[in-house]
Amino acid sequence: MNPTPDDGPLEQLRSRIASKTSIIVCGAGVSMLATGRRDLSWIEVIKSGQRYADQHGLGTGPRWSEQVTQLIEMGVESDDMDSLLFAAEKVQKALLGGNANAFSHWVGALFQDLKASDKGVYEALQALRLPILTTNYDTLIESSLGWVPVAQTNPALFQAILSANSPTMVGHLHGVWSEPQSLVLGSSDYARVSSDSGTGALHRAAGVNSSLIYIGFGSGLGDPNFDAVRRWSMAKIGPNFHTHYRLCRDSEVKALRELHSDGSVVPVAYGSDFGDLVPFLQGLAPGGAKDIEVSLTTASEVAYSTLLTRAHEDSVLLASLLANPLGDRVLMPPVMMRVPQQVYSSADPAARAEHRCDAAVESSQLGTTILVGGELSGVSSALTFMLLGGSHRAGSV
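### As for the packing of helix α3 (residues 42-55) against helix α6 (residues 102-111)
For any two helices packed against each other, one specifies the inter-axial angle together with the distance between the axes. Contact geometry of α3 with α6 gives a least axis separation of 11 Å together with a crossing angle of 125°. If you check the angle between α3 and α6, you find them oblique. Regarding α3 and α6, the two cross each other, and that crossing is right-handed. Residues Val45, Ser48, Gly49 and Tyr52 of α3 touch α6, and the partners they reach there are Ala102, His105, Trp106, Leu110 and Phe111. Considered class by class, the residues forming the contact of α3 with α6 number six nonpolar, three polar and no charged.

So this is what it looks like as structure tokens:
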């Protein structure tokens with residue numbers, strides 16, 4: 001079902017979701033809703049870095065902290081994103097220049113133990129069955145749903161996220177805390193966003209009849225994460241190529257219509273309060289607000305994303321994994337035996353052939369298969385291989 005010019009913004013949005021021609025882009029507001037914390041906005045993250053630099057004597061001059069504070073205040077009071085980005089740049093340089101580990105320690109201290117106190121918003125997003133990208137550095141979505149984070153520095157995996165019918169990976173447009181070198185923080189980082197491999201993947205997806213659904217972004221220019229993505233999409237895609245949607249509160253609609261007066265981004269109100277977002281998202285899910293059905297397809301998707309991530313980490317056949325269906329042509333089946341290694345090694349050649357198992361055949365059989373192996377023997381990889389094969393071949397797991 002495709003949207004028509006006569007449909008209102010909400011109906012157009014529903015049509016885009018139902019036809020799977022949309023991509024979700026989450027901002028800091030989603031993380032704040034899930035945790036109840038107000039210190040996860042981009043500006044508060046910069047202030048956190050400033051405090052860390054002060055506490056560890058990493059400032060680059062006697063008035064360094066005062067200058068950063070002035071830049072932040074100027075940026076907030078005047079909606080001046082350049083001042084905010086300059087402040088972020090000064091913080092980033094201080095942390096990177098202080099010592100080899102200061103930046104990584106600060107990022108880890110800020111995000112490593114962060115947990116969602118309410119997973120409702122993530123479960124509602126999952127029910128939409130759309131690719132999910134985020135400008136957030138945290139991994140709250142992944143820890144809540146059991147998904148895998150992918151930084152924008154992995155363009156092939158980004159493309160896999162965008163092409164999946166039901167994703168089990170989250171694309172981080174501006175980096176992920178567990179990979180500090182991937183973070184987009186200061187003005188020099190944001191200058192690279194337009195040519196970054198991750199946003200290049202977003203460009204390709206948006207260029208194939210996809211609308212972006214922005215969720216959890218602050219109003220006005222005070223949210224440079226949104227403005228950077230928006231300015232990039234305007235430059236790369238054009239103002240009228242697709243209609244994109246920005247979810248907001250009732251009180252923000254008028255201001256956002258003025259901000260997006262070119263019509264490229266349409267504000268859609270979800271209610272009067274932040275707490276109205278989850279019920280609104282549940283109502284957008286195809287078929288209404290239902291529990292997510294755990295199916296064989298889900299098992300296959302988990303296997304696919306796990307194998308793909310491992311292949312990327314090991315730098316093995318990544319291009320082939322993305323270009324071809326997973327299977328015997330690309331993935332080497334695990335070596336499996338019906339007897340212990342000692343028995344297999346002492347057997348004659350004819351007996352060895354009988355002791356060997358065909359993983360593809362075993363995964364196609366109904367019933368229960370028990371995998372046994374020592375530490376680092378490949379049990380997890382074998383299990384994932386069989387899960388994938390069982391999902392596709394047997395119709396049951």
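### Quick look at helix α1 (residues 9-18)
Where α1 is concerned, the buried positions are Gln12, Leu13, Ser15, Arg16 and Ile17. Taken together, the buried residues of α1 touch β1 (22-26), β5 (211-215), β6 (244-249), β7 (265-271) and α14 (277-284).

### As for the confidence of the model for the protein
Of the residues in the protein, 71% have a pLDDT of 70 or more, and the chain-wide mean is 78. Below a pLDDT of 50 lies the segment residues 288-297, which in the model reaches ten contacts outside its immediate sequence neighbourhood of four places, other chains included. Within the model, the stretch residues 315-329 combines pLDDT values under 50 with 29 contacts to residues more than four positions away or in other chains.

### Topic: the nonpolar core
Counting residues in hydrophobic clusters, the biggest one holds 69 residues, and the most contacted among them are Trp42, Tyr122, Leu125, Leu247 and Leu281. The leading source of residues in this core is helix α5 (residues 81-98), at eight residues. Counting 16 residues, the second-largest nonpolar core is a separate cluster that includes Val25, Leu212, Tyr214 and Phe217.

### Structural notes on unusual backbone geometry
At Lys20, a residue that is not glycine, the phi angle is positive and equals roughly 55°. Take Lys20: it is sitting in the loop between α1 and β1. Accessibility expressed as a relative area gives 44% for Lys20, which makes it partly exposed. One non-glycine residue, Arg129, adopts positive backbone phi at about 60°.

### Some remarks on the sheet that holds strand β4 (residues 169-172)
Reading across the sheet, the seven strands line up as β3-β4-β2-β1-β5-β6-β7 and stay open at both edges, with parallel pairing between neighbours. Unpaired on one side and paired on the other, β3 (148-151) and β7 mark the two borders of the sheet. Within the sheet, the average angular offset between the axes of one strand and its neighbour, ignoring direction, is 30°. Sheet topology note: the β1/β5 ladder contains five bridges and is parallel. If you follow Ile23 over to β5, its bridge partner there is Leu212. Packing against the sheet, α14 makes contact with β5, β6 and β7, and its axis sits at approximately 115° to β7.

### Things to note about the packing of α3 against helix α4 (residues 64-78)
Orientation of α3 relative to α4, taken along the N-to-C sense of each, is 170°, at an axis distance of 10 Å. With respect to their mutual orientation, α3 and α4 come out roughly antiparallel. In this structure, α3 uses Ile43, Ile46, Lys47, Gln50, Ala53 and Asp54 to contact α4, whose residues at the interface are Trp64, Ser65, Val68, Thr69, Ile72 and Val76. By residue class, the composition of the contact of α3 with α4 is seven nonpolar, three polar and two charged.

### Points about the packing of aromatic side chains
In this description, an aromatic ring pair is defined by two values, namely the gap between the centres and the angle between the planes. Across all of its chains, the model carries three aromatic pairs by this definition. Centre to centre, the rings of Phe111 and Tyr137 are 6.1 Å apart; their planes meet at 80°, and the pair counts as edge-to-face. Highlighted residues: Phe111 in helix α6 and Tyr137 in the loop between β2 (132-134) and α8 (140-145), separated in sequence by 26 residues. Judged by relative accessible area, Phe111 falls into the buried class, the value being 5%. Seen from their ring centres, Tyr214 and Phe217 are 5.8 Å apart, and the 85° between their planes marks the pair as edge-to-face. Each member of the pair, Tyr214 together with Phe217, is buried. The ring of Phe274 carries the charged tip of Arg38 above its face, separated from the ring centre by 5.4 Å. Against the face of Phe86 rests Lys90, its NZ or CZ located 5.8 Å from the ring centre.

Conventions adopted
- Residues numbered from 1 in each chain as written.
- Predicted model: local features only at pLDDT ≥ 70, side-chain atom pairs only at ≥ 80, totals over all residues.
- Heavy atoms only, no water.
- Axes fitted to C-alpha atoms, helices over the stretch in contact; angles between N-to-C directions.
- Helix = DSSP H or I, 4+ residues; strand = E, 2+ residues; numbered from the N terminus.
- Parallel < 35°, antiparallel > 145°, perpendicular 65-115°, else oblique.
- Left-handed = near helix turned anticlockwise from the far one by under 90°.
- Contact = heavy atoms within 4.5 Å.
- Nonpolar A, V, L, I, M, F, W, Y, C, P; charged D, E, K, R; others polar.
- Buried < 20%, exposed > 50% of the residue type's maximum accessible area, 1.4 Å probe, protein only.
- pLDDT = per-residue confidence, 0-100.
- Core = buried A, V, L, I, M, F, W, Y, C linked by side-chain atoms within 4.5 Å.
- Pairing = 2+ DSSP bridges.
- Phe/Tyr/Trp six-rings, centres within 6.5 Å; stacked < 30°, edge-to-face > 60°.
- Lys NZ or Arg CZ within 6 Å of the ring centre and 35° of its normal.

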